[in-house]
Each structure stands twice: as structure tokens, then as C-alpha cells.
Amino acid sequence: MILKTENLSHRYSSSWAIRDINIEIAEHGIIGLLGSNGAGKSTTMNIICGTLNQTEGNVYINGIDARKDPEAAKREIGFLPQTPPLYTDLTIDEYLTYCANLRLIEKHKIKPAVEEVKERCGIAHFSSRLIKNLSGGYRQRVGIAQSIIHKPKLVVMDEPTNGLDPNQLIEARKLIREISQEHTVLLSSHILSEINLLCREIIMVESGRIVFSDTMEAFNNYSKASTVLVTLENPPSKEDLQQVKGVSSVEFLTPTQVRIYYDGDPDIRERLVTASVQYGWRLTEIGFDKGLLDDIFKQLSSQHA
Ligand SMILES: Nc1ncnc2c1ncn2[C@@H]1O[C@H](COP(=O)(O)OP(=O)(O)OP(=O)(O)O)[C@@H](O)[C@H]1O
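Below: a short report on this structure. (Residues numbered from 1 in each chain as written. Predicted model: local features only at pLDDT ≥ 70, side-chain atom pairs only at ≥ 80, totals over all residues. Heavy atoms only, no water.)

## Focus on the nonpolar core
Counting 41 residues, the largest nonpolar core has Leu-96, Met-157, Leu-187 and Ile-202 as its most contacted members. In contact with Leu-96, not counting residues within four places along its chain, are Val-114, Val-117, Lys-118, Ile-123, Val-142, Ala-145, Gln-146 and Ile-149. One finds Leu-8, Leu-33, Ile-48 and Ala-73 within the second-largest nonpolar core, a separate group that totals 24 residues. (Core = buried A, V, L, I, M, F, W, Y, C linked by side-chain atoms within 4.5 Å. Buried < 20%, exposed > 50% of the residue type's maximum accessible area, 1.4 Å probe, protein only. Contact = heavy atoms within 4.5 Å.)

## Remarks on helix H5 (residues 136-148)
Given a rise of 1.5 Å per residue, 13 residues ought to cover 18 Å, and the 19 Å separating the end C-alpha atoms of H5 matches this to within 8%. With ten of 13 residues buried, H5 is to be regarded as a mostly interior element. Listing the buried residues of H5 in full gives Gly-137, Gln-140, Arg-141, Val-142, Gly-143, Ile-144, Ala-145, Gln-146, Ser-147 and Ile-148. On its buried side, H5 packs onto strand S6 (77-80), helix H3 (92-102), helix H4 (107-121), strand S7 (154-157) and helix H6 (166-182). (Helix = DSSP H or I, 4+ residues; strand = E, 2+ residues; numbered from the N terminus. Expected span 1.5 Å × (residues − 1).)

## Quick word on the site of the ligand
Taken together, the residues surrounding the ligand are Tyr-12, Ala-17, Ser-36, Asn-37, Gly-38, Ala-39, Gly-40, Lys-41, Ser-42, Thr-43, Gln-82 and Glu-159. The contact in question runs from an oxygen atom of the ligand to an N or O atom on the backbone of Gly-38, over 2.7 Å. Between the ligand and Ala-39 there is a distance of 3.1 Å, counted from an oxygen atom to a backbone nitrogen or oxygen. In the complex, 57% of the free accessible area of the ligand, which totals 630 Å², lies under the protein chains. No other element matches helix H1 (residues 41-48), which puts three residues into the shell around the ligand. Within the shell around the ligand, the residues separate by chemical class into three nonpolar, seven polar and two charged. (Near = heavy atom within 4 Å. Polar contact = N/O pair within 3.5 Å; in protein donor to acceptor, adjacent residues only side chain to side chain. Areas by Shrake-Rupley, 256 points an atom, 1.4 Å probe, with all protein chains shown as cover. Nonpolar A, V, L, I, M, F, W, Y, C, P; charged D, E, K, R; others polar.)

## Section: the sheet that holds strand S4 (residues 56-61)
Strand order in the open sheet made by the four strands is S2-S1-S4-S5, with antiparallel pairing throughout. Pairing within the sheet leaves two strands with one partner each, and these edge strands are strand S2 (16-25) and strand S5 (64-65). Running at roughly 60° to S2, H1 makes contact with strand S1 (3-11), S2 and S4 of the sheet. (Pairing = 2+ DSSP bridges. Axes fitted to C-alpha atoms, helices over the stretch in contact; angles between N-to-C directions.)

## Focus: the packing of aromatic side chains
In the structure shown here, the tally under the stated rule is five aromatic pairs. Ring-pair connections join several aromatic residues into one group, and the members of that group are Tyr-87, Tyr-95 and Tyr-98. Stacked on the ring of Trp-16, the Lys or Arg Arg-19 has its end atom at 3.7 Å from the ring centre. When the ring centre of Tyr-138 is taken as reference, the NZ or CZ atom of Arg-141 above it lies at 4.8 Å. (Phe/Tyr/Trp six-rings, centres within 6.5 Å; stacked < 30°, edge-to-face > 60°. Lys NZ or Arg CZ within 6 Å of the ring centre and 35° of its normal.)

## Considering the sheet that holds strand S3 (residues 29-34)
Strand order in the open sheet formed by six strands is S6-S7-S8-S3-S9-S10, with mixed pairing between adjacent strands. Looking at strand neighbours, the two that pair on one side only are S6 and strand S10 (209-215), the edges of this open sheet. Strand-to-strand twist of the sheet, defined as the mean angle between neighbouring strand axes without regard to direction, takes the value 15°. Where S3 lies against strand S8 (residues 184-189), six bridges are found, and the strand directions are parallel. Looking at S8, one finds that Gly-29 is bridged to Thr-184.

## With respect to a nonpolar patch on the surface
Together, Tyr-87, Tyr-98 and Leu-102 make up an exposed nonpolar region whose accessible area comes to about 320 Å². Within the element layout of this structure, Leu-102 appears in helix H3. Residue Leu-102 is classed as exposed on the basis of its relative accessible area, which comes to 54%. (Patch = residues over 30% accessible without salt bridge, like charges linked within 9 Å, V, L, I, M, F, W, Y side chains within 5 Å. Salt bridge = Lys/Arg side-chain N within 4 Å of Asp/Glu carboxyl O.)

## Some points on the pairing of S2
Where S1 and S2 come together, six bridges link them in antiparallel fashion. In the strand pairing of S2, Arg-11 is matched with Trp-16. Taking the residues that link successive antiparallel strands as the turn, the S1-S2 hairpin has four residues.

## Notes on the pairing of S8
Counting buried residues in S8 gives six out of six residues, a clear majority hidden from the surface. Pairing of S7 with S8 involves four bridges; the strand directions are parallel. Note that in S8 the partner of Met-157 across the bridge is Leu-187.

In short, shape yes, function no, at least from these values alone.
Right, dumping it as C-alpha cells:
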């Protein structure tokens, strides 16, 4: 098990920021921690990385109890916090050498480790440039470089794609995917489509609790299973549509495009087609509704609020 948390809970002052967070990650790949602002993502990540002491619960990194042997556990973790810990008056070389020392890499291995990580992160051509003179995208790469310089098993990234422009975003995603070939990556975001794009698994937190945890595929199947989008050139009223067996609710997106929530029975499509023919609704399109992900997220979140 690369990461295991057991009933992780944290209280800053009087109120709980996270409660009973149980995470198990056994395989390589990118795992997404999704949650809105204040949901508890950073708190969870800071505890996993040992920069914050939990009020209750346990963290095991590669089987090592992080409270009992924090030094050994930290060897297996790389961390890119929300604000990367960069020293902007240092050059990339100076900064990464400093980080390698902090990570207790043996003296004779430091230079090769710095060279290798610069290559992997595409920053070798800027080796002697001061960090303050780098663009946001390149600073982010330096932040990522420091998180993998000691070749940890688990890399934790707190909102790594936040605030990047569209080109930087594409580059950052590419780099994160490459890193995930060799390391397990746990990353957070408050944007569902970002997690959907990058991750194999999704852990959704809201109000400090896990509200959904499964593969991205299972999440997408779940979302596909419960709604369809239909176009009706001669639409009936909401009430008439709700008369179709299995329909639980109806939402008009445009005067002719309707999102239909149903009970999960796949025969719904046939029933809609039949009803359309029978009542002359002129159904011209019927399909799965992929744009619904954010709505489901809101729905799941509010159930646990
Ligand atoms: N140092 C602190 N002292 C008191 N309360 C805090 C502290 N840090 C976070 N909190 C509270 O704990 C809860 C969880 O915050 P956390 O930063 O973990 O959420 P998050 O999901 O990472 O959100 P964001 O994306 O905004 O960083 C929030 O209600 C927040 O206000």
C-alpha cells in the first residue's frame, strides 16, 4: 500500500476541518482529490506530507507509520504545496541543490540528481536563471522538480494546475502524466473536469468528509446512468414528460433541449422514443449527458453538507 490513511481527522480550533478521511492507494497512477474551496483538501494533504499534525487518525506511507517514523515516511513523499516553496533569489541549480541536501541525498549523488530532474521537468536550459525571472509555468516546473528530486514513491500536489494559462496548463498536465509513470501522484483540484482529464481515481471531499471515492470510470458511468439529453422539436410541458415511466425530474436547458433525470433503468430511452411518436414531440436527438459532471458534484456535495 503506497498510502493509507485511517480515520484522519483534524480540528484547527473548535471546529473540525476534516473528519474520518480514509484513503487507500495501492497502485501507480494519478489520484484526484476533488473538493470546493474549504472542503479540506489542503488540510488532508498537509497531514499526509507531515507538515501538519493530525488531531486524530493515522497515516501510513509505503507501510511506514508517519507519526512513529516521520523521517522514513518523508523519504517516500514529495510535496508540492499550494504555494510552492521557492527561493526566488536562487538560480534553478542552486535551489535544486539546496532541496537535494534537505532531502538527505548523498553528497556525490546530488549533482546527477539535479541534472536528471531538470531534464525530466524540461528546465535544464534555464539552469542558471534566477527563479524570480521565470514565468509562472516554469516556476511550477521547478516546484514539481523539487517534489521528485529524491525519487519518492508518492508525490502530493496541491492544486498544481491552478492559475496557469492555457498553454502552461497543457504542459503541466503532460509533465504530471509523465511523472505518474514512475511515481504515484495524489493531486487536488476544485475543478471536476481537471480531475476527469488527469486522474484514474477520484476522491471527492466536501465539508471535511469523503462523499465519493472510486475510479474515474465508475464516476463517469454513474453520471451517465442517471441522465439523458434529448432534443424535442415540439416539446410538451415538464409535467407531461414526467409522466413517462422512470423519469424522476426534467430540466429544460433550451426551449427544445431537455435534460431528463431517471431512475437508472436503461429502457428509458425506448420509452421516451415511444412517447415522442405517440404524442408528436418530434424527438430528433437523444444521448448521454456528459456535461452533467459538475452538477453531480454539487448534488453529492450538498447531500453531505
Ligand atoms: N490554519 C487554519 N486555522 C483555522 N482554520 C483553518 C486553517 N486552515 C484551514 N482552515 C479551515 O479548515 C477548513 C478546510 O480548509 P482547507 O484549506 O483544508 O480546504 P481546501 O479544500 O484545501 O480549500 P482551498 O482550496 O480553499 O485551499 C476550512 O473551513 C478552512 O477555513
